[in-house]
Amino acid sequence: MNLNKKEVECLIKLFHTLATESRDRFAAVGLDRNMFRNILHCTFGMTDDMIMDRVFRAFDKDNDSCISVVEWVEGLSIFLRGTLEEKIKYCFEVYDLNGDGYISREEMFHMLKNSLLKQPSEEDPDEGIKDLVEITLKKMDYDHDGKLSFLDFEKAVRDENLLLEAFGPCLPDIKSSMAFELKTFQETNEL
Ligand SMILES: [Ca+2]
Ligand SMILES: [Ca+2]
């Protein structure tokens, strides 16, 4: 945990405010997929549906389709104060779409296609994305088995930090996290 006690308390307070707003819609105390996606979108500027869905699953450690207060604080600790190692683990989890421990060619294709779709091109876009997958593999697949293991991904990101979000933005940008911190952590300081 990289947050101090006061920050954790602020996040818990915010969680209860958000969870109360939605309580009439479902029984469990927590944030459901739609609420959580709404927060990712409005607060952290995320726009990609597939990535936001994966972020929800990465936060939802016990897989009960609801973000509990503990899952919320632990996830935001990585969002706001995560170490590089924590962020590598988190991003890998987001990008390993089927959770089999590898980022496959198909998964890379799917994510790159999804994030590059807005760029118009004369050529067959699928061909360009296939090329990009091969370039990415060449750069990141150290053991040459045609897919990215966690070790491949970790080594590649340590060599070049920009590769952390190679398959789509799944961490808040600096502007959004600073705005979030100002809003969330400041309010209680004033009390
Ligand atoms: Ca959960
Ligand atoms: Ca996989």
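No experiment lies behind these values; they were computed from the predicted model shown.

About the thresholds
Residues numbered from 1 in each chain as written. Chains lettered and ligands numbered in written order. Predicted model: local features only at pLDDT ≥ 70, side-chain atom pairs only at ≥ 80, totals over all residues. Heavy atoms only, no water. Helix = DSSP H or I, 4+ residues; strand = E, 2+ residues; numbered from the N terminus. Rg over C-alpha atoms; globule rule 2.2 N^0.38 Å. Buried < 20%, exposed > 50% of the residue type's maximum accessible area, 1.4 Å probe, protein only. Contact = heavy atoms within 4.5 Å. Donors = N, O, S within 2.8 Å, 3.2 Å for Na, K, Ca; no water. Tetrahedral: all angles 85-135°; square planar, octahedral: opposite > 155°, others 65-115°. Polar contact = N/O pair within 3.5 Å; in protein donor to acceptor, adjacent residues only side chain to side chain. Phe/Tyr/Trp six-rings, centres within 6.5 Å; stacked < 30°, edge-to-face > 60°. Lys NZ or Arg CZ within 6 Å of the ring centre and 35° of its normal. UniProt positions renumbered as here; feature names shortened; annotations may be inferred.

Explain the overall build of the chain here, please?
Looking only at helices and strands, one finds nine helices and two strands in the chain. Listing every helix and strand of the chain by position from the N terminus yields α-α-α-α-α-β-α-α-β-α-α. For the chain, whose C-alpha radius of gyration is 18 Å, the value lies close to the compact-globule estimate of 16 Å for 191 residues. Taking the principal axes of the C-alpha coordinates as reference, the chain spans close to 55 × 35 × 30 Å. The buried share of the chain, reckoned over its 191 residues, is 43%. Long-range pairs, those at least 24 residues apart, make up 61% of the contacts in the chain between residues at least 6 apart in sequence.

Help me understand the coordination of the calcium ion (ligand 1), please; the structure alone is not making it clear to me.
Each angle at a metal carrying four tetrahedral donors should ideally be 109.5 degrees, and each at a metal carrying six octahedral donors should ideally be 90 or 180 degrees. Around the calcium ion (ligand 1), the donor atoms from the protein are Asp60 (OD), Asp62 (OD), Asp64 (OD), Cys66 (O), Glu71 (OE) and Glu71 (OE), and they sit 2.1 to 2.5 Å away. In terms of primary sequence, the donors binding the calcium ion (ligand 1) are separated according to D-x1-D-x1-D-x1-C-x4-E. By relative accessible area, Cys66 is classed as buried at 8%.

Can you help me understand the coordination of the calcium ion (ligand 2) in this one?
Binding of the calcium ion (ligand 2) to the protein goes through Asp96 (OD), Asn98 (OD1), Asp100 (OD), Tyr102 (O), Glu107 (OE) and Glu107 (OE), at separations of 2.2 to 2.5 Å. Angles of 53 to 159° at the metal separate the six donor atoms of the calcium ion (ligand 2), which places the site in the irregular class. Considered as a linear motif, the donors of the calcium ion (ligand 2) on their single chain read D-x1-N-x1-D-x1-Y-x4-E. What makes Asp96 buried here is its relative accessible area of 5%.

Is there a simple way to think about unusual backbone geometry in this case?
Residues apart from glycine generally show negative phi values, whereas peptide bonds are mostly found in trans. With a phi angle near 60°, Ser65 is a residue other than glycine that sits in the positive phi range. Following the sequence through the fold, Ser65 ends up in the loop between helix H3 (49-59) and helix H4 (69-81). Unlike most non-glycine residues, His144 shows phi in positive territory, near 55°. Relative to the elements of secondary structure, His144 occurs in the loop between helix H7 (125-140) and strand S2 (148-149).

Would you mind going over the side chain of Ser176 with me for this structure?
Tracing the backbone shows Ser176 in helix H9 (residues 174-189). We classify Ser176 as buried; its relative accessible area is 12%. Only 2.5 Å separates the side chain of Ser176 from the side chain of Asp173, close enough to count as a polar contact. Ignoring anything within four residues of it in the chain, the contact list for Ser176 reads Thr43, Phe44 and Gly45.

Any chance you could explain the packing of aromatic side chains here in plain terms?
For any two aromatic rings, the description comes down to two numbers: the centre-to-centre distance and the angle of the planes. One pass over the full model with this rule turns up 11 aromatic pairs. For the ring pair Phe92 and Phe153, a centre distance of 5.7 Å and an interplane angle of 55° mean the geometry is tilted. Taken together, the residues span a long stretch of sequence, with Phe92 in helix H5 (residues 84-95) and Phe153 in helix H8 (residues 150-159) at a distance of 61 residues. For the pair shown, Phe92 and Phe153 are each scored as buried. A cation sits over an aromatic face here: Lys147 above Tyr102, 3.9 Å from the ring centre.

Is there a simple way to think about the UniProt feature "domain: EF-hand" (unreviewed entry) in the chain in this case?
Mapped onto the present numbering, the UniProt feature "domain: EF-hand" (unreviewed entry) falls at residues 47-82, 83-118 and 128-163. Secondary structure content for residues 47-82 is 67% helix and 0% strand, while the C-alpha to C-alpha distance between its ends is 22 Å. Between the C-alpha atoms that bound residues 128-163 there is a distance of 19 Å. The span itself is 64% helix and 6% strand.

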